[in-house]
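Architecture and fold: a report
Spelled out, the chains give:
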Amino acid sequence: MRIENSFIPVSGVGETTERKLWKAGATDWDSFDPSHVGPTTGERIEAFIDTARDRLDREDSRFFGERFPSSELWRCYENFRDDTVFFDIETTGLSSERDDVTTVSFHRDGDTTTLVRGDDLTAGNLREQLDGSLLVTFNGASFDVPFLEESFDLDIDTPHIDAMYAAKKVGLSGGLKAIEPEVGIERDRPDISGRDAVRLWREHERGQDGSLETLISYNREDTVHLQTLLDEVTDRLHDQTFVE
């Protein structure tokens, strides 16, 4: 499903009206006819389409991030797939006031990058890595994003898909690693918990060989698997939502 299939960003158009439009044959902006709805709604939709086409040509993801309900932002993924940034953080605890970010991994268009505390994990490098059209996390709306903002004095305003909530819409609940087998993701190594991640970082600080490499490996794996998860979830959401 793509942005062009959507009418819910228009004021006064909800899911019921959108489904009626789809069933009437208006499955995208090109096939919309004002006769499908009342005159006021028709004018609003036409005005939105005119503006939205231009913003889409400019790849202005923020325009759509401000207009789509957060629960429906997954519809933007296909349009901005190549510039979507999947990321995941590891920390020494759950409090951004007391604890530190240790590693942050980013996965975009097939490439994965990890920033490490005490090396290249800086506000400037974070801004550079987060400079994409869309951001995707798992439970990042409550944890990863505010933790980074507080720890590095950032203002992260890029449209953000929290895959945890998107997964719940198709009946997939629990943590990332609990959901992965349900969408065909297999890990080659045993799982590590948040506590294990803290332990590995402390071991690294004490100079234990291999601890940082193991932590980075798991952190990077989470971001790569996050894309696989979102690919599957958006396919299921399309089947569940779109009426042709």
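Predicted model only: the values in this text are computed from it and were never measured.

Rules and cut-offs
Residues numbered from 1 in each chain as written. Predicted model: local features only at pLDDT ≥ 70, side-chain atom pairs only at ≥ 80, totals over all residues. Heavy atoms only, no water. Salt bridge = Lys/Arg side-chain N within 4 Å of Asp/Glu carboxyl O. Buried < 20%, exposed > 50% of the residue type's maximum accessible area, 1.4 Å probe, protein only. Phe/Tyr/Trp six-rings, centres within 6.5 Å; stacked < 30°, edge-to-face > 60°. Helix = DSSP H or I, 4+ residues; strand = E, 2+ residues; numbered from the N terminus. Pairing = 2+ DSSP bridges. Axes fitted to C-alpha atoms, helices over the stretch in contact; angles between N-to-C directions.

Our focus in this paragraph is the pattern of salt bridges. Tallying each qualifying case throughout the model produces 21 salt bridges. A salt bridge links Arg67 to Glu66; the nearest nitrogen and oxygen atoms lie 3.4 Å apart. Residue classification places Arg67 among the partly exposed residues on the basis of a relative accessible area of 35%. The class for Glu66 is exposed, based on a relative accessible area of 64%. Counted as one network, the salt bridges with shared partners bring together Lys177, Glu180, Arg187, Glu221 and Asp222.

Turning next to the packing of aromatic side chains. By convention here, two paired aromatic rings are described through the distance between centres and the angle between planes. With the rule as written, the count across this model stands at eight aromatic pairs. For the ring pair Trp22 and Phe242, a centre distance of 4.8 Å and an interplane angle of 75° mean the geometry is edge-to-face. Taken together, the residues Trp22 in helix 1 (residues 15-23) and Phe242 in the segment after helix 9 (211-241) connect sequence positions 220 residues apart. When sorted by exposure, Trp22 lands in the same class as Phe242, which is buried. Through a chain of ring-to-ring contacts, three or more aromatic side chains come together here, namely Trp29, Phe48, Phe63 and Phe64.

Moving on to the sheet that holds strand 5 (residues 160-162). Overall, mixed pairing links the five strands, which are arranged 3-2-1-4-5 in an open sheet. A single partner strand is all that each edge strand has here, and the edge strands are strand 3 (111-116) and strand 5. On average, each strand axis in the sheet is inclined to that of its neighbour by 25°, with strand direction left out of account. In this sheet, strand 2 (residues 101-108) lies alongside strand 1 (residues 84-91) in antiparallel orientation, the contact comprising six bridges. Residue pairing across strands places Phe86 opposite His107, the latter belonging to strand 2.

Everything listed here is a matter of coordinates, which is why it stays silent on function.
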